[in-house]
Amino acid sequence: MDLVSQNKCFEGMQQRYAHRSAVLNCDMHFSVFAPAAAVAGQKLPVLYWLSGLTCTDDNFSTKAGAQRYAAEHEIILIIPDTSPRGADVPDDSEGAYDLGLGAGFYVNATRAPWDRHYRMYDYIARELPELAESHLPFNGRRAISGHSMGGHGALIIAMREAGRYVSVSAFAPIVNPAGVPWGEKAFGAYLGDDRNAWAEYDACHLVAERKPELPILIDQGTADDFLAGQLLTERFVEAAGRAKVPATVNLREAYDHSYYFISSFIGDHLRFHAGHLNS
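Residues numbered from 1 in each chain as written. Predicted model: local features only at pLDDT ≥ 70, side-chain atom pairs only at ≥ 80, totals over all residues. Heavy atoms only, no water.

Closest axis-to-axis distance for the helix 4 (residues 120-135)/helix 5 (residues 149-160) pair is 11 Å, and the angle between their directions is 60 degrees. Here helix 4 lies oblique to helix 5, going by the angle between them. Viewed along their axes, helix 4 and helix 5 form a crossing whose handedness is right-handed. Note on element contacts: helix 5 touches helix 4 through Ile156, Ile157 and Arg160, opposite Tyr121, Ile124 and Ala125. In terms of residue class, the contact of helix 4 with helix 5 is built from five nonpolar, no polar and one charged. (Axes fitted to C-alpha atoms, helices over the stretch in contact; angles between N-to-C directions. Helix = DSSP H or I, 4+ residues; strand = E, 2+ residues; numbered from the N terminus. Parallel < 35°, antiparallel > 145°, perpendicular 65-115°, else oblique. Left-handed = near helix turned anticlockwise from the far one by under 90°. Contact = heavy atoms within 4.5 Å. Nonpolar A, V, L, I, M, F, W, Y, C, P; charged D, E, K, R; others polar.)

Listed below in structure tokens is the structure:
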């Protein structure tokens, strides 16, 4: 971990780090907010935030206003990038925003040319925590959250990694990527035609099959342009209901897909996670 930059923020430190990823076979950046207690060496819980399509670690760090609440609840924030980066990392040949750079979809790609770099699942669930948590004053308790593609990532990682996270939340997540255009395009490219492989990265499938025993919070804006065609929150509500898995799903009237929506309710999500991280 090489410290790239840091700024004092709510008596803590907002930091950005660079490192070489063996899993992704490239250089990566991620951001950290360390509350004042962590800067002083006190061991604290961690919340991972996974961002959406086209984003880097900077979007959440600069737009969500999460540091205020992380400082209040004494939670370290770890904010990864959304895909591998670098000149030799493949991108969509037509420059589309929903495949390639900025669109890792938090899966382990199995098809060339993507499989050499696009292993974001292992990066988020394995490599980055091993690195970051060994350098930060971490107390052993972690939660995970995210937005859109990142909400998809947070849900699937939390459900597949039973017992590793104490809670999961999401803003406007892609809950059924195996059944919507964004996911069909990405999964077809990264994973091939085997839809059984797709199912292991689909929150609607996982909630039914794994029946996770962890607190789940989802916020979805009713004015979200992607709700009807890409997000389909009702499918997760139905799947969780059939599986008898408790989940709190809030439909927020007139809110859209933007960071204005996230910043309006990020305090609720930090309080939700704090209640489980600090219990």
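From this point, the narrative continues.
On to the environment of phenylalanine 105. Take phenylalanine 105: it is sitting in the loop between strand 5 (76-80) and helix 4. Placed 159 residues apart in sequence, phenylalanine 105 and serine 264 show a C-alpha to C-alpha distance of 25 Å. Other than its neighbours up to four places away in sequence, phenylalanine 105 contacts Leu53, Asp98, Met149, His152, Ile174, Trp182, Gly183, Ala186, Phe187 and Tyr190.

On to the packing of aromatic side chains. Under the defined criterion, the tally for this structure stands at 15 aromatic pairs. An aromatic cluster is built from Trp49, Phe60, Phe171, Tyr255, Phe261 and Phe265, whose rings are joined through pairwise contacts. It is arginine 160 that lies over the ring of tyrosine 121; its NZ or CZ is 4.3 Å from the centre. If you follow arginine 160 out to its NZ or CZ, it ends over the ring of tyrosine 201, 4.8 Å from the centre. (Phe/Tyr/Trp six-rings, centres within 6.5 Å; stacked < 30°, edge-to-face > 60°. Lys NZ or Arg CZ within 6 Å of the ring centre and 35° of its normal.)

Next up on the list: the environment of glutamate 127. Along the chain, glutamate 127 turns up in helix 4. Overall, glutamate 127 belongs to the buried group, its relative accessible area being 16%. A C-alpha to C-alpha distance of 9.5 Å links glutamate 127 and leucine 24, two positions 103 residues apart in sequence. Aside from chain neighbours lying at most four places away, what touches glutamate 127 is Arg20, Ser21, Ala22, Val23, Leu24 and Asp122. (Buried < 20%, exposed > 50% of the residue type's maximum accessible area, 1.4 Å probe, protein only.)

We now examine the side chain of aspartate 57. Secondary-structure assignment places aspartate 57 in helix 2 (residues 57-63). Take aspartate 57: its relative accessible area is 0%, and that puts it in the buried class. The contacts of aspartate 57, once residues within four sequence positions are left out, are Arg16, His29, Phe30, Ser31, Ile79, Pro80 and Asp81.

The linkage connecting alanine 112 with the following residue, proline 113, adopts the cis geometry, with an omega of 0 degrees. Relative to the elements of secondary structure, proline 113 occurs in the loop between strand 5 and helix 4. Although it is not a glycine, glutamate 11 adopts a positive phi angle of roughly 70 degrees. Tracing the backbone shows glutamate 11 in the loop between strand 1 (2-9) and strand 2 (12-21). At lysine 211, a position not held by glycine, the phi torsion is positive, near 45 degrees.

Time to look at the sheet that holds strand 1. With mixed pairing, the nine strands of this open sheet are ordered in space as 1-2-3-5-4-6-7-8-9. Across the chains shown, the open sheet's two edge strands, defined by having one partner strand only, are strand 1 and strand 9 (248-252). Between one strand axis and the next, the sheet turns through 20 degrees on average, direction left out of account. Where strand 4 (residues 44-50) lies against strand 5, three bridges are found, and the strand directions are parallel. When the bridges of strand 5 are listed, valine 46 appears paired with isoleucine 76. Packing against the sheet, helix 4 makes contact with strand 2, strand 3 (26-34), strand 4, strand 5 and strand 6 (138-147), and its axis sits at approximately 120 degrees to strand 2. The strands touched by helix 11 (residues 259-277) within the sheet are strand 4, strand 5, strand 6, strand 7 (168-171), strand 8 (216-221) and strand 9, with strand 7 carrying the most contacts at an inclination of about 175 degrees. (Pairing = 2+ DSSP bridges.)

Counting buried positions over the six residues of strand 8 gives six, a clear majority of the element. Sheet topology places strand 7 next to strand 8; four bridges connect them, and they run parallel. Bridge pairing in strand 8 places valine 168 opposite isoleucine 216. With five bridges connecting them, strand 8 and strand 9 associate as parallel partners. Along strand 9, the bridge assignment pairs aspartate 219 with asparagine 250.

What helix 8 (residues 203-210) keeps buried is the set Ala203, Cys204, Leu206 and Val207. Seen from one end, helix 8 has its buried residues packed into an arc of 170 degrees, which puts them on one side. Looking at where helix 8 begins, the residue whose side-chain oxygen comes 3.0 Å from the main-chain nitrogen of cysteine 204 is aspartate 202. Following helix 8 by one or two positions, lysine 211 adopts a phi angle in the positive range, close to 45 degrees. (Arc of directions from axis to C-beta. Polar contact = N/O pair within 3.5 Å; in protein donor to acceptor, adjacent residues only side chain to side chain.)

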